[in-house]
Amino acid sequence: MVLVFCGILVKRFVINRSNAVDIDKFNELKVGDSIELPDIIWEKAPATVVLGLNTKCKFCTESAPFYKELVEKQMTEGSFQLVAVFPESLNESRQYLEELNVPVTEIRQSSLRRLGFKGTPSVVVVDRFGSVKSISLGKLAAEDESQMIASLDNVTGKTSISTNKRTISLKEVETLRIKNKVVVLDIREREAYAREHLAGTVNIPIDELEARAVNELSPDSAVVIHCNCNDSQLKDLARTTLRSQGFEKLFVLIE
Amino acid sequence: MPLYPEKSIKRKAKGVAVAQIMINQEGDVSKVEILEAPDSMISTSVTEAVSQWKFRSSKIKDGPSVAVKGKLTFYFVIDDHGEGRVENPKQY
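Residues numbered from 1 in each chain as written. Chains lettered and ligands numbered in written order. Predicted model: local features only at pLDDT ≥ 70, side-chain atom pairs only at ≥ 80, totals over all residues.

Observations regarding the overall build of chain B
Okay, so step 1: Of the regular secondary structure elements, chain B holds 2 helices and 6 strands.
Okay, so step 2: Ordered by position from N to C terminus, the α and β elements of chain B give α-β-β-α-β-β-β-β.
Okay, so step 3: The proportion of buried residues among the 92 residues of chain B is 18%. (Helix = DSSP H or I, 4+ residues; strand = E, 2+ residues; numbered from the N terminus. Buried ≥ 20, exposed ≤ 12 C-beta atoms within 10 Å, placed from the backbone.)

Quick notes on the overall build of chain A
Okay, so step 1: Helices and strands together make up the secondary structure of chain A, namely 10 helices and 10 strands.
Okay, so step 2: A total of 255 residues make up chain A; the buried ones form 29% of that total.
Okay, so step 3: Restricting the contact set of chain A to residue pairs at least 6 apart, pairs at least 24 apart contribute 67%. (Contact = placed C-beta atoms within 7 Å.)

Observations concerning the pairing of strand β3 (residues 106-109) of chain A
All names here are of chain A.
Okay, so step 1: As paired elements, strand β2 (residues 80-86) and β3 share 4 bridges and run parallel to each other. If you follow Val85 over to β3, its bridge partner there is Arg108.
Okay, so step 2: Considered for its hand, the β-α-β crossover made up of β2, helix α4 (residues 90-99) and β3 is right-handed. (Pairing = 2+ DSSP bridges. Right-handed = clockwise from strand over helix to strand, strands pointing away.)

Things to note about the sheet that holds strand β7 (residues 182-186) of chain A
One key point about sheets: their strands pair by backbone hydrogen bonds, in either a parallel or an antiparallel sense.
All names here are of chain A.
Okay, so step 1: Judged by pairing direction, the sheet is parallel, and its 5 strands sit side by side in the order β6-β10-β9-β7-β8 without closing on themselves. Strands with a single pairing partner mark the edges of an open sheet, and in this sheet they are β6 (167-168) and β8 (201-203).
Okay, so step 2: In this sheet, β8 lies alongside β7 in parallel orientation, the contact comprising 3 bridges. When the sheet's bridge partners are listed, Asp186 is paired in β8 with Asn203.

Notes on the interface of chain B and chain A
Okay, so step 1: Across the contact, 10 residues belong to chain B and 9 residues belong to chain A.
Okay, so step 2: Those elements giving two or more residues to the side of chain B that touches chain A turn out to be β1 (15-23), β2 (29-36) and β5 (68-78) of chain B.
Okay, so step 3: A total of 3 residues in the side of chain B that touches chain A trace back to one element, the largest contributor, which is β5(B).
Okay, so step 4: Each residue belonging to the side of chain B that touches chain A can be placed in one class, and the counts come to 6 nonpolar, 1 polar and 3 charged. (Nonpolar A, V, L, I, M, F, W, Y, C, P; charged D, E, K, R; others polar.)

Quick word on unusual backbone geometry
Residue and element names in this part refer to chain A.
Okay, so step 1: With an omega dihedral of -5 degrees, the bond running from Thr120 to Pro121 counts as a cis peptide bond.
Okay, so step 2: By the secondary structure assignment, Pro121 is in the loop between α5 (112-115) and β4 (122-127).
Okay, so step 3: Notably, Asn101 is not glycine yet its phi reads approximately 60 degrees, a positive angle.
Okay, so step 4: As for its position among the elements, Asn101 is in the loop between α4 and β3.
Okay, so step 5: For Asn228, which is not glycine, the phi dihedral falls at a positive 50 degrees.
Okay, so step 6: Considering the arrangement of structural elements, one finds Asn228 in the loop between β9 (222-226) and α10 (232-244).
Okay, so step 7: With 17 C-beta atoms counted inside 10 Å, the residue Asn228 sits in the partly exposed group.

Some details on the environment of B:Gly27
All names here are of chain B.
Okay, so step 1: Residue position: Gly27 is located in the loop between β1 and β2.
Okay, so step 2: Assessed through the 15 C-beta atoms surrounding it within 10 Å, Gly27 is described here as partly exposed.
Okay, so step 3: Along the backbone, Gly27 and Ala67 are 40 residues apart, and their C-alpha atoms lie at a distance of 7.9 Å.
Okay, so step 4: Residues contacting Gly27, with those up to four places away along its chain left out, are Lys54, Phe55, Arg56 and Ser57.

Things to note about the confidence of the model for chain B
Do not read the predicted coordinates in detail wherever pLDDT is low.
Residue and element names in this part refer to chain B.
Okay, so step 1: Mean pLDDT over chain B stands at 94; residues scoring 70 or higher make up 99%.
Okay, so step 2: Across chain B, the element-wise mean pLDDT spans from 84 in strand β3 (residues 58-59) up to 98 in helix α2 (residues 40-51).
Okay, so step 3: Of the two predicted TM-score estimates for the complex, the pTM is 0.59 and the ipTM is 0.88. (pLDDT = per-residue confidence, 0-100.)

Here's the deal with α4(A)
Owing to its 3.6 residues per turn, the α-helix aligns residues three or four sequence positions apart on the same side.
All names here are of chain A.
Okay, so step 1: The complete set of buried residues in α4 reads Ser93, Tyr96 and Leu97. Seen end-on, α4 carries its buried residues on one side only, within an arc spanning 95 degrees. In this structure, α4 carries Asn91, Glu98 and Glu99 as exposed residues pointing more than 90 degrees from its buried face.
Okay, so step 2: Trailing α4 by a residue or two, Asn101 shows a phi angle of about 60 degrees, which is positive. (Arc of directions from axis to C-beta.)

A closer look at the environment of B:Ile21
Okay, so step 1: You can see B:Ile21 is positioned in strand β1.
Okay, so step 2: If sequence neighbours within four positions are ignored, B:Ile21 has contacts with B:Val29, B:Lys31, B:Val32, B:Val50, B:Gly70 and B:Leu72.

Digging into α2(B)
Okay, so step 1: The terminal C-alpha atoms of α2(B), which comprises 12 residues, lie 16 Å apart, in line with the 16 Å expected from a rise of 1.5 Å per residue.
Okay, so step 2: Residues of α2(B) that are buried sit in contact with α1 (6-10), β1, β2 and β5 of chain B. (Expected span 1.5 Å × (residues − 1).)

Re the sheet that holds β2(B)
Residue and element names in this part refer to chain B.
Okay, so step 1: Taken in spatial order, the 4 strands line up as β2-β1-β5-β6 in an open sheet, and their pairing is antiparallel. Edge positions in the sheet fall to β2 and β6 (84-87), since each of these pairs with one other strand and no more. Averaged over all neighbouring strand pairs, the angle between strand axes comes to 25 degrees, with direction disregarded.
Okay, so step 2: As judged from the 9 bridges shared by β1 and β5, these two strands associate in the antiparallel manner. (Axes fitted to C-alpha atoms, helices over the stretch in contact; angles between N-to-C directions.)

Encoded structure:
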């Protein structure tokens, strides 16, 4: 009898308590869901890009060049809003973005978990009705950045222009060569390059790129990164290195 | 810095030279391998120069000195007057 009573007490005050916590349980944000952010009016623009960041997140810091591009795209096109959401204080978040040289003006403080963000960094495209159109999680590979931009352009009704493309085929390289200065950069080691390589390519091994790129490549040229491999991390590293040195027209060759 | 061999200047051999070096615990260059150079005389010049370099020894945090491997890049440039010079990479 005592045991049954204790059981009831445990159920009532322990198990039910944990159920109470479940009210706050994590609801992962999905495409098609609605999202709410304080003081953000979705109707103000055809689309809003919400960056879910954390000042202590390594991949957020490493993704800064892409966020900077988004800011530039926003300033040039004006067809979308850009909001950065941090769990940290506004001052701390603002300082973090300033240090990264990512001038996002709309910053909000919120629990990312409450918004349903699975992790950081997250890039969420929201339409003018507050409906989520795409979610990209983590540090994005070139292809994923392309996809995110395409999704954004789709929502804003804008067709992707070539400078927003991240990947390029060999056929497109030839077309680009007609009108522009193009360098196809092979980032493999010398031995692999010596064995076989595409005609007309320049070889700078990835570990030498930081020292040599600015000395040997023109910032006016479009640079097409190539490694005759499927190593997207390697290509991303090359792209990040080049972008940090001021190269803007960067593409990754579709192998 | 490596010297620009006169013969290389006359032959108009110019461009990048990359050396892979091994630095021992004392900071001395223990091995030099030329990975790329405009010609063999430039390779020799880089090897001779770099072999004499002395580096501050590298340490693991709160630990002993360690040997390290790295790459050095030099640019052998010939100007409009035919003068040769050796440059370090410009920093971005």
